[in-house]
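# Structure assessment
What follows is each chain in one-letter form.
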Amino acid sequence: IKKEKRAKVVIPIRRVENQIKTFLAKGQYISEYSAVFLAGVIYYLCGEVLELAGNSAKEHGRKSIAPLCVRTAIEGDDEIAALSKKVKFKVSGGGV
């Protein structure tokens, strides 16, 4: 059984593990569960952002989520905004 299925996430755990390894110095290693945990965190954050973006899209009378809705959702939530305060949003078609 694949790790994704056991962890009940759709984020590819092997890819997450490979990305983590690119930041490690020579001789450093990670636990086999660290990539699973990080994939779970990414899955949760994506769900939260998409839920907030969906609510923002409904408020603006849209039927689908636009890049502006995602940006508005992230900036409107204090906790997610704190996580992404160093991130510059360069969204094409994002409006103002």
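In what follows, the accompanying structure is described.

Regarding helix H2 (residues 13–22), the residues found buried are Ile13, Val16, Glu17 and Ile20. Projected onto a plane normal to the axis of H2, the buried residues spread over an arc of 100° and lie on a single side. Turned more than 90 degrees off the buried face of H2, the exposed positions are Arg14, Arg15 and Thr22. Where H2 is buried, its residues meet helix H1 (3–7) and helix H3 (34–59).

Closest axis-to-axis distance for the H3/helix H4 (residues 67–76) pair is 8 Å, and the angle between their directions is 115°. In this view, H3 runs roughly perpendicular relative to H4, as classed from their interaxial angle. Crossing geometry of H3 relative to H4 is assigned as right-handed. For the pair formed by H3 and H4, the contact residues are Val49, Leu52, Ala53, Ser56 and Ala57 on the first element and Cys69, Val70, Thr72, Ala73 and Ile74 on the second. By residue class, the composition of the contact of H3 with H4 is eight nonpolar, two polar and no charged.

Calculation notes
- Residues numbered from 1 in each chain as written.
- Predicted model: local features only at pLDDT ≥ 70, side-chain atom pairs only at ≥ 80, totals over all residues.
- Heavy atoms only, no water.
- Buried < 20%, exposed > 50% of the residue type's maximum accessible area, 1.4 Å probe, protein only.
- Helix = DSSP H or I, 4+ residues; strand = E, 2+ residues; numbered from the N terminus.
- Arc of directions from axis to C-beta.
- Contact = heavy atoms within 4.5 Å.
- Axes fitted to C-alpha atoms, helices over the stretch in contact; angles between N-to-C directions.
- Parallel < 35°, antiparallel > 145°, perpendicular 65-115°, else oblique.
- Left-handed = near helix turned anticlockwise from the far one by under 90°.
- Nonpolar A, V, L, I, M, F, W, Y, C, P; charged D, E, K, R; others polar.

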